[in-house]
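# An overview of the molecular structure
If you want the building blocks of each chain, they are given just below.
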Amino acid sequence: MADQKNHFQPLYDEKQKLLGIVISPELWMAIEKEANPIFDAALATLTGKSPETVEEVPEPMKNFEQFKEYWDFAYELPYDVHCDQCGQQTENWLEDEPRKFRLRNANLGGLLCFTCMKCNASVAKKHFKKHVAVECTPRKTS
Ligand SMILES: [Zn+2]
């Protein structure tokens, strides 16, 4: 093909300082799938942040401590969590290392929200005076 178009072009400022490399949309389309993880890894090295630590929100342990403090139901606070979507379960989510379920939210109204680390489903445990209602919703696909 006698295509004169430059697929790969260095870009300089007026002082001949290299600003970056421009690649054509066609070239990008051809390599995007393979290049993306390489870019992510390289960016993590350049910025000193791994992609996981950027996205991972810490568990709201303070809220959970409060939750425990205000606990006044007749039964012991249960620590077991179960995922209806993938069957993952634990007797005590706090003791799992690494976590099988991550605490996402704890509120004094009696609600504990977890994320299943296996399938990303959301597990909500609603604590009532005499029982616990568990709701499991599959991961939102956006
Ligand atoms: Zn699951």
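Just so it is clear, the structure is predicted and the values come from calculations on it, not from any experiment.

Considering all chains together, one arrives at 9 aromatic pairs under this definition. Summarising the aromatic geometry, the rings of F64 and W93 are spaced 5.0 Å apart at their centres and angled 75 degrees between planes, so their arrangement reads as edge-to-face. With a gap of 29 residues between them, F64 in helix α3 (residues 61-69) and W93 in the loop between β4 (89-90) and β5 (101-107) connect regions that are remote in the sequence. You can call F64 buried: its relative accessible area is 1%. Overall, the relative accessible area of 1% leaves W93 in the buried class. Ring geometry for W93 against F114: centres 5.1 Å apart, planes inclined by 65 degrees, an arrangement best described as edge-to-face. With a gap of 21 residues between them, W93 in the loop between β4 and β5 and F114 in strand β6 (residues 111-116) connect regions that are remote in the sequence. The two residues W93 and F114 agree in class, both being buried. One aromatic cluster is present, built from ring pairs that chain together F64, F67, W71, F73, Y75, Y79, W93 and F114.

Turning to the pattern of salt bridges, a few remarks are in order. For the coordinates displayed, the defined rule picks out 4 salt bridges. Close ionic contact of E135 with K126 constitutes a salt bridge, the shortest N to O distance being 3.1 Å.

The protein atoms donating to the zinc ion are C83 (SG), C86 (SG), C116 (SG) and C119 (SG), with metal-donor distances spanning 2.3 Å. Around the zinc ion sit 4 donor atoms; with metal-centred angles ranging over 105 to 114 degrees, the donor geometry is tetrahedral. In the primary structure, the donors to the zinc ion are separated according to the pattern C-x2-C-x29-C-x2-C. With C86 in the loop between β3 (81-82) and β4 and C119 in the loop between β6 and β7 (122-127), this residue pair connects regions lying 33 residues apart in the sequence.

Next up on the list: the domain arrangement of the protein. Accessible area lost when the parts come together is the quantity often used to give the size of an interface. Along its sequence, the protein is organised into domain 1 (8-54) and domain 2 (59-137). Between the C-alpha centres of domain 1 and domain 2 there is a distance of 41 Å.

A few words on the sheet that holds strand β8 (residues 132-137). The 4 strands lie next to each other as β5-β6-β7-β8, forming an open sheet whose pairing is antiparallel. One side of each edge strand has no neighbouring strand; the edge strands of this open sheet are β5 and β8. Mean inter-strand twist for the sheet, computed between neighbouring axes without regard to direction, equals 20 degrees. Two elements, β7 and β8, share 6 bridges in a ladder whose sense is antiparallel.

The next point concerns the nonpolar core. Grouped together as the largest cluster of nonpolar side chains are 16 residues, with contacts concentrated most on F64, C83, F101, L103, L112, F114 and V123. Taken together, the elements giving at least two residues each to this core come down to α3, β5 and β6. When neighbours within four sequence positions are excluded, C83 is seen to be in contact with Q88, F101, C116, C119, A121, V123 and C136.

About the thresholds
Residues numbered from 1 in each chain as written. Predicted model: local features only at pLDDT ≥ 70, side-chain atom pairs only at ≥ 80, totals over all residues. Heavy atoms only, no water. Phe/Tyr/Trp six-rings, centres within 6.5 Å; stacked < 30°, edge-to-face > 60°. Helix = DSSP H or I, 4+ residues; strand = E, 2+ residues; numbered from the N terminus. Buried < 20%, exposed > 50% of the residue type's maximum accessible area, 1.4 Å probe, protein only. Salt bridge = Lys/Arg side-chain N within 4 Å of Asp/Glu carboxyl O. Donors = N, O, S within 2.8 Å, 3.2 Å for Na, K, Ca; no water. Tetrahedral: all angles 85-135°; square planar, octahedral: opposite > 155°, others 65-115°. Domains from an automatic or database assignment. Pairing = 2+ DSSP bridges. Axes fitted to C-alpha atoms, helices over the stretch in contact; angles between N-to-C directions. Core = buried A, V, L, I, M, F, W, Y, C linked by side-chain atoms within 4.5 Å. Contact = heavy atoms within 4.5 Å.

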